[in-house]
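Residue strings, one per chain:
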Amino acid sequence: MNDPVNIGTLLSGTLNDTLTVSLPLFRPELALSATIVLLLLCRMLPVLRLLDSALVALGGAAFALWYAWVDLQALPPLAEAAASAGGRVEIFSGLLVFDSFTAYLRCILAGFLVLYIVFTKVSGIPDREDGADFYSLVLGATLGMCLMASANHLLMVFMAVEMASVPSYALAGILKGRRAASEAAIKYAVYGAGAAGIMLYGISLLAGVLGTCHLPSMANELARVVQAGPPGGSVMVLTLGGLMLAVGLAFKLSAVPFHFWCPDVFEGAAAEVGAFLSVASKAAAVALLIRVAYALGMPAGEAAAGIVADLAPVRHFSVAVIALMAAVTCTLGNLAAYGQTNMKRLLAYSTIAHAGYLMMGVAAAIALAGPKPAAAATAVTAVAFYLGTYLFMNLAAFAIVAFLRNRLRSEEIASYAGLVRTSPGIVVATTVVLVSLIGLPPLAGFVAKFLVFSSLVEAISAGVDRQLMLLLLVVGGLNTVISLFYYLRVLKVMTFDAPPEDRAGEAFPLVSLPGAVVTALAVPVLVLGVFWSGLYAAAQLAGAFAS
Amino acid sequence: MPPSASLVQPALWPLSLIVFLPALVAAFLSLPIIPKAREELIRWITLGTLAVVFVLSLWMAVPQLFGATGPAQFQIGQPEMQAVVKLPWIQAFGIEYLLGVDGISLPLVVLTTFLSMLAAAASWPITKHVKAYHVLFLLLVTGMLGVFVSLDFFLFYVFWEVMLLPMYFLIGIWGGPRREYAAIKFFLYTLLGSVLMLIAILMLYFSSDLRLLSPEQLTAAHVVSPALEAAAQAEAVQAIKTAADPVHTFNLLALAELGQLPNSPFSTSMVWGTSLEIWAFLLLLIGFVIKVPVVPVHTWLPDAHVEAPTPISMILAGVLLKLGGYGIIRICYPICPGAGLSLAWLVCGLGVVSMVYGAFAALAQKDFKRMVAYSSVSHMGYVMLGLGVWSAVAGQEYRWEAWAQGVNGAMFQMLAHGFSSAGMFFMVGVLYDRVHHRNLDEFGGIFNRMPVYAGLAVAVFFAGLGLPGLCGFIGEVLVTLSSWNYSRTLAVISAFTVILTAAYILWAIQRVYLGAEYKGPHGDHLTPMTPRELSIAAPLVFLAILFGVAPQILFNYVTPTVNRQVQTLAAWTRDVHDAPAPVAVAEVGK
């Protein structure tokens, strides 16, 4: 540019860009931010204190969902979306990116938030006193997660991860006066701080070598490093930086070996918090993983077309890291779930295992990205679909744990013995949810697994990273079989075993407010297992950003 | 096809009702409309539903009985798929709601509806959680029927898995003392098999390409519905032929056409130096033989059969084991013919090993029900041998008749075993309900105490033994004869196994029914058969005799379809497999 820099033009240009381009695409986040302010404001004014903060939060979440939905609807149809990389627009001068994937993920997150607030309202944690704190933390973390899904800059990656994590640390300790909860919170915070530090160090290494934090520009620089020929010292630093960045992402994903916090936090914190961490946090982490891996290995846009071939080593590196981590995470999660006696701990390991399946899909997507972009988009679709079904399955599972805790005063699996005698409805709902988590048809979990496995097979038949993809397919298949055992054990206890003599608490009928919540969450699991065209079409739109 | 028009397909409602009526009634029963305490009503509703389903299946299978011949009814002697229902389901993957019956599946459907009805009648002694039991039982029936009529691999897999959970609970809640162990073992074995099957399904799907098929093949496989008008058909064919990317399919008939092409996509793509066809065949075979079951993956069967309640044992032996055989004949051989040819020794070998091992194991059992369970392993070995004898090869001048004899025999054996094994399990159950033990050494003298029962039981056991004039004989003799062309050793072994079979069955009859008097526990409970029990046992005995005397009743259905499949595969062996390579290349070129 030959023009001298004019501060005035620069400012007005930025302002114009922000007001006309960025902010209209940022409405769900704005809705969340406004709700947080409103929640805190209600606390200050005595009159507004009478207002139930759950309702305020629900209203805000509904607004966010509405805007996210409008944005998703406004996307161009599939063929066009695929041609324009999902309607990709960089917003806020390249810090964030809006495309079909962002729109889809925000819909998932905001939709989850609405269901989640209803569920927590019914389950009674938080109580009225804690409501404002709890919901502003939840909304704040969700805001961070929305940013994770649309991050386009390593600085933003770090900011978003921290924004999602810090409220989560506080949430883990929301049950005041309970030792286990405080211990969970401190463990989570310490672990999270460590991971954040390592990630920040990795980011600084990457930024130092490549001279930028803007992900697409980084891809350009990476291509130049690859073109430069024989690996020099900078490749070593880049690898190290990439691995350290992966540590931060793996912590959010609770991928092995950075999963140690997960069972302890889930066991110590309330089931409601577990639900939030297990669904929303996981969805955002997977989205961020896709974002970073894609932006560095397969940048979108016309300008990037020339460097796709050069970036093959970058993609191969991320596929290897993600695939190996996925295989280990999945296996270890499933094996460790065997010995659990506490339902929340079992679900924690189940969450870890499912992170493994999700990462398998991501690995397939990155592997296919170079040689077969259309197939890669299908793999991203599989992951997006998985997240959509996972929302219902896992939220329902934690809702059942929470409601049963309210009745039975226990979260031990053994305390569920013989529940089928008194509360057959809830046992049927649990069966639907857990069998869907195993991945058996005709339930949604099967379709999700089927789609992920089919991406792996497509990668195998395309011949990209064949050994790794075969490994993942075999590991995924075997894990499905071994996961059967511990999910069925819960059902076995509920149905085969005799109820204890001294059962506290009354029966749990489905015709009740908690029963209605459980039904509302379990029915989609069944429906999406049979009629999955609709969700799949939406997920395809999300995947369009990759083609 | 517009959706409004597609809902008036002639076969849509009969076939869909046969499959889904049990599930609908199960959903109705699980609603709190009928109180749990009305156990008798729940039993009658279930029995009535299954009777309706049985009559519906008869209406399709034996139109003569009902006078009218609608388009949905089966035309005997026609080998093709009939009464096909085709609705789009998941368009992104080309998954369809594609149902149909032919001479292989229709007899199995009728067998299933018939045995389900009898098993519902045999469920009267179940008194624990009656409502839950019947809901699960009806869901199980839907799963089984769905597998037999699905022509879409995805749909097939869904139904295949739908059976697992009800069966797990039916064994685990209403079973015998070791029920939990038996239930989880059943589930783990089957799920392992089905995961391998899923991998094979995906491998086949992603290497399939409908563009390789001719317009005639596309119509024959119901990829393009033959019900459409010519112009619409041509348009649909054109859309497939001109597609830019490979058009993948789950359609079982189209996959079979693809698998039998010269240079089929399954035989040309390699995984680890072995063709995909071999891998897919092996993975599918493992999934199916776990269900059959063959040695060495049979160990779930004695546990599951012994622990399951009597009606569930009847269904397990009568229907579930046939699903494995059906899968092999419908999926493994037509889709992966090359692998079937080169692995024929494996299938036949597994069959003969199970045959002999099952017979010896049955001989060694002290538990009456366990003995019957092992007899199933032995009898299903004949099915495997009959299916596996790929004898139409160069040395045999590609004569398909001998091979067709084996496959027909295997099909007949499946059907006959369905009646005889369900009958045997029921007979054991009748005795167990009275004396509450199954120890073979503590019986004796039942003939004197329960003459009608003993007479029927001996007839059923003779049918299992394979006595000429009873249904068990036909299948065994056809299989043994046809295996002579394939391998004399195997034929001799399988002929000698008949002696073992005779030994364990006659010895069991001697120990249980003959003898001076009953000395075991609960002797005073040995009351004569009730009318309900009689009405279950009598039809089974009648059919065992009928099909033994007039096997052509079944062969009329089975033979045209089986012969056509075998003929096609024999021609495939001659033209594609054994042909010199240049011919195959020329075929591709045109």
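In this report, we go over the structure that sits alongside the text. For every chain, the first residue of the written sequence is number 1, and numbering continues from 1 along that sequence. Chains and ligands are labelled sequentially in the order written, the chains with letters from A and the ligands with numbers from 1. The model is predicted, so local features are restricted to residues of pLDDT at least 70 and side-chain atom pairs to those at 80 or more, both for listing and for counting; the totals for chains, interfaces and linings are taken over all residues. Think of the side-chain values as coming from all heavy atoms in the structure, minus any hydrogens and water.

## A closer look at the overall build of chain A
Formally: Going along the chain from the N terminus, every DSSP run of H or I of four or more residues is numbered as a helix, and every run of E of two or more is numbered as a strand. Each radius of gyration is computed over the set of C-alpha atoms, and the globule rule expresses the reference value as 2.2 Å times the number of residues to the power 0.38. Accessibility here uses a 1.4 Å probe with only protein chains present; expressed as a share of the type maximum, an area under 20% marks a residue as buried, one over 50% as exposed, and anything in between as partly exposed. Residue contacts are defined here by distance: any two heavy atoms, one from each residue, within 4.5 Å place the two residues in contact. Computed by Shrake-Rupley with a 1.4 Å probe, the accessible areas treat only the displayed protein chains as cover when residues are assessed. Charge assignment in this entry is limited to Lys and Arg as positive and Asp and Glu as negative, and neither His nor the chain termini are counted. Charge positions come from single atoms, namely NZ of Lys, CZ of Arg, CG of Asp or CD of Glu.
Secondary structure assignment for chain A yields 21 helices and 2 strands. Its C-alpha atoms give chain A a radius of gyration of 23 Å, near enough to 24 Å, the size a compact globule of 547 residues would have. On the principal axes, the C-alpha backbone points of chain A span a range of 80 × 60 × 45 Å. Burial analysis of chain A (547 residues in total) assigns 61% to the buried set. Across chain A, every contact between residues at least 6 apart in sequence was considered, and the portion connecting residues at least 24 apart equals 81%. Entry remark: accessible area of chain A is about 19,000 Å², with carbon and sulfur atoms responsible for 70%. Positive and negative charge centroids in chain A, built from 28 and 28 side chains respectively, lie 6 Å apart.

## What to know about the overall build of chain B
The secondary structure content of chain B amounts to 26 helices and 4 strands. Computed over its C-alpha atoms, the radius of gyration of chain B comes to 24 Å, within 12% of the 25 Å expected for a compact globule of 590 residues. Projecting the C-alpha coordinates of chain B onto the three principal axes gives extents of approximately 80 × 60 × 45 Å. Residues counted as buried form 65% of the 590 residues belonging to chain B. The long-range share in chain B, meaning contacts at least 24 apart out of those at least 6 apart in sequence, stands at 80%. Here chain B has roughly 20,000 Å² of accessible surface; of this, 67% comes from carbon and sulfur atoms. Each charge class in chain B was averaged separately, 28 positive and 30 negative side chains, and the resulting centres sit 9 Å apart.

## Structural notes on the interface of chain A and chain B
Basically, it comes down to this: The quantity reported as buried area is the accessible area (1.4 Å probe) lost by two parts once they are put together, taken as the sum for both. Here a salt bridge means any side-chain nitrogen of Lys or Arg lying within 4 Å of a carboxyl oxygen belonging to Asp or Glu. By the criterion applied in these results, polar contacts are pairs of N or O atoms within 3.5 Å in which, for protein atoms, one can donate a hydrogen and the other can accept it, and in which residues neighboring in sequence qualify only through two side-chain atoms. Each residue gets one of three labels, nonpolar for Ala, Val, Leu, Ile, Met, Phe, Trp, Tyr, Cys and Pro, charged for Asp, Glu, Lys and Arg, and polar for the others, Gly among them.
Opposite the 36 residues of chain A that make contact, chain B presents 34 residues. Counting each side, the surface lost to burial between chain A and chain B is near 3,200 Å², with a carbon and sulfur contribution of 81%. Contact with chain B buries area across many residues of chain A, yet F450, V481 and F496 of chain A alone supply 19% of it, more than any other trio. Scanning the region where chain A abuts chain B turns up 1 salt bridge. With a shortest N-O distance of 3.2 Å, E180 of chain B and K492 of chain A are connected by a salt bridge. Our enumeration of links across chain A and chain B arrives at 3 residue pairs in polar contact (both at pLDDT 80 or more). Taken together, the elements giving at least two residues each to the side of chain A that touches chain B come down to α17 (424–438), α18 (444–462), α19 (466–495) and α21 (533–543) of chain A. Tallying contributions element by element places α19 of chain A first for the side of chain A that touches chain B, with 14 residues. When the residues that make up the side of chain A that touches chain B are grouped by side-chain class, the tally is 22 nonpolar, 9 polar and 5 charged.

## Details of empty space enclosed by the protein
Heads up, the rule is: Space inside and on the surface of the protein is sampled on a 1 Å grid over the protein atoms alone, with a cavity defined as a set of points where a 1.4 Å probe fits but cannot get out and a pocket as an open set with protein on both sides within 12 Å along at least 5 of 7 lines; lining residues have an atom within 4 Å of a point. Grid points are joined across faces, edges and corners, and a volume is the space filled by probe spheres set on the points.
Considering all chains together, one arrives at 6 cavities of 30 Å³ or more under this definition. Each pocket or cavity is described by its volume, and for the largest cavity that value is around 80 Å³. Along the walls of the largest cavity sit G439, L440, F446, K449, F450, F453 and T480 of chain A together with Y157, E161, L191, V195 and L198 of chain B, which together make up its complete lining. Secondary structure elements with two or more residues in the lining of the largest cavity: α18 of chain A together with α6 (153–162) and α8 (179–207) of chain B. The element that contributes the greatest number of residues to the lining of the largest cavity is α18 of chain A, accounting for 4 residues.

## With respect to the layout of surface pockets
Quantified by volume, the second largest pocket comes out at close to 1,400 Å³. Taken together, 41 residues make up the lining of the second largest pocket; nearest its centre are Q91, A92, F93, G94 and V247 of chain B. If you list the elements that add at least two residues to the lining of the second largest pocket, you get α4 (78–83), α15 (373–408), α18 and α21 of chain A together with β1 (82–90), β2 (95–101), α8 and α10 (230–241) of chain B. Looking at the lining of the second largest pocket element by element, the count peaks at 5 residues for α15 of chain A. Here the lining of the second largest pocket is composed, by residue class, of 24 nonpolar, 12 polar and 5 charged.

## Focus on α10 of chain B
All names here are of chain B. Basically, it comes down to this: Working rule for helices: expected span equals 1.5 Å times residues minus one. The directions from the helix axis to the C-beta atoms are what the arc is built from.
Helix length check: α10, at 12 residues, gives a terminal C-alpha distance of 16 Å against a target of 16 Å (1.5 Å per residue), a fit within 8%. For α10, the full list of buried residues reads Q233, V237 and I240. All buried residues of α10 project into a common sector of 60° when viewed along the axis, lining one side. Opposite the buried face of α10, by more than 90 degrees, sit the exposed residues A231 and E235. Buried-residue contacts for α10 involve α9 (215–220).

## Let's talk about the packing of aromatic side chains
Test applied: Under the pairing criterion, centres of Phe, Tyr and Trp rings, with the six-membered ring standing for Trp, must be within 6.5 Å; the plane angle then separates stacked pairs below 30 degrees from edge-to-face pairs above 60, leaving the rest tilted. Here, a charge over a ring is recorded when the distance from Lys NZ or Arg CZ to the ring centre is within 6 Å and its angle to the ring normal is within 35 degrees.
By the definition in use, this model includes 68 aromatic pairs over all chains. Ring plane angle 50° and centroid distance 5.5 Å describe the contact between F251 of chain A and W261 of chain A, whose orientation is recorded as tilted. Here F251 of chain A is found in helix α10 (residues 233–253), whereas its partner W261 of chain A is found in helix α11 (residues 261–268), with 10 residues between them in sequence. Members of the aromatic cluster, each reached through a chain of ring pairs, are F385, F446, F450, W532 and Y536 of chain A together with W89, F93, F154, Y157, Y205, F206 and F250 of chain B. Taking NZ or CZ as reference, K291 of chain B lies 5.0 Å from the ring centre of W160 of chain B, over its face. The ring of W507 of chain B carries R511 of chain B above its face, with NZ or CZ at 3.6 Å from the centroid.

## Focus: the pattern of salt bridges
In a structure, side chains of opposite charge can pair up when their charged atoms sit close to one another. Evaluation of the coordinates by the stated rule reveals 26 salt bridges over all chains. Linking R224 of chain A and E221 of chain A is a salt bridge whose minimum nitrogen-to-oxygen distance equals 3.7 Å. Here R224 of chain A pairs with E221 of chain A, and both are found in helix α9 (residues 215–227), just 3 residues apart, close to one helical turn. What makes E221 of chain A partly exposed here is its relative accessible area of 23%. A salt bridge links R211 of chain B to D209 of chain B, with the shortest nitrogen-to-oxygen separation between them at 3.0 Å. Connected through salt bridges with shared partners, the residues R27, E29, D71 and R106 of chain A form a single ionic network.

## Notes on the packing of helix α19 (residues 400–435) of chain B against helix α24 (residues 531–549) of chain B
All names here are of chain B. Basically, it comes down to this: Only C-alpha atoms enter the line fits that serve as axes; for helices the fit covers just the stretch in contact. Angles between N-to-C directions range over 0 to 180 degrees. Here the angle decides the label: under 35 degrees means roughly parallel, over 145 means roughly antiparallel, 65 to 115 means roughly perpendicular, and every other value means oblique. Throughout, a crossing is termed right-handed when the near helix is turned clockwise from the far one, and left-handed when it is turned anticlockwise from it by less than a right angle.
In the contact formed by α19 and α24, the axes pass within 10 Å of each other and the chain directions differ by 150°. Judged on the interaxial angle alone, α24 and α19 are roughly antiparallel. Seen along the crossing, α19 lies across α24 with a hand that is left-handed. From α19, F412, F419, A422, G423, F426, M427, V430 and R434 reach across to α24, where they touch E533, I536, A537, L540, L543 and F547. The residue makeup of the contact of α19 with α24, split by class, is 11 nonpolar, 1 polar and 2 charged.

## Topic: the pairing of β2 of chain B
Residues and elements named next belong to chain B. Where we set the bar: Strands are labelled as partners when DSSP assigns at least two bridges between them.
Burial of β2 is extensive: 7 of the 7 residues sit out of reach of the surface. Burial along β2 is two-sided: I95, Y97, L99 and V101 facing one way and E96, L98 and G100 facing the other are all buried. Looking at chain direction, β1 and β2 are connected through 6 bridges and run antiparallel. Within β2, the residue paired with I90 across the bridge is I95. In this antiparallel pair of consecutive strands, β1 and β2, the connection spans 4 residues, and G94 shows a positive phi of 65°.

## Examining the environment of H525 of chain B
Residues and elements named next belong to chain B. If you trace the backbone, H525 turns up in the loop between α23 (488–512) and α24. Here H525 falls in the partly exposed class, since its relative accessible area comes to 40%. As for H525 and D433, which are separated by 92 residues in sequence, their C-alpha atoms are 9.1 Å apart.

## Some points on the nonpolar core
Stated formally: Definition of nonpolar core: a set of buried residues of the types Ala, Val, Leu, Ile, Met, Phe, Trp, Tyr and Cys, connected through side-chain atoms within 4.5 Å.
If you look at the biggest cluster of nonpolar residues, it comprises 470 residues, and the most contacted ones within it are Y294 and W532 of chain A together with F368, F461 and Y513 of chain B. In terms of residues, this core owes the most to one element, α15 of chain A, which gives 26 residues. Ignoring sequence-local partners within four residues, the contact set of Y513 of chain B consists of F368, M427, G445, I446, F447, Y453, A454, A457, V458, F461 and A508 of chain B.

## Notes on the packing of α8 of chain B against helix α14 (residues 300–307) of chain B
In helix packing, the relevant descriptors are the interaxial angle and the interaxial distance, both defined with respect to the helix axes. Residue and element names in this part refer to chain B. The geometry of α8 relative to α14 is characterised by a closest axis approach of 9 Å and an angle of 135° between their N-to-C directions. Viewed along their axes, α8 and α14 adopt a mutual orientation that is oblique. For the element pair α8 and α14, the recorded crossing hand is left-handed. Contacts between α8 and α14 involve R179, Y181, A182, K185, F186 and Y189 from the former and W300, D303, A304 and E307 from the latter. The class makeup of the residues in the contact of α8 with α14 is 6 nonpolar, no polar and 4 charged.

## Things to note about helix α11 (residues 252–259) of chain B
Residues and elements named next belong to chain B. The element α11 is extensively covered by neighbouring structure, given that 7 of its 8 residues are classed as buried. Buried within α11 we find L252, L253, A254, L255, A256, L258 and G259. Capping the start of α11 is the job of one residue whose side-chain oxygen sits 2.8 Å from the backbone nitrogen of L253: N251.

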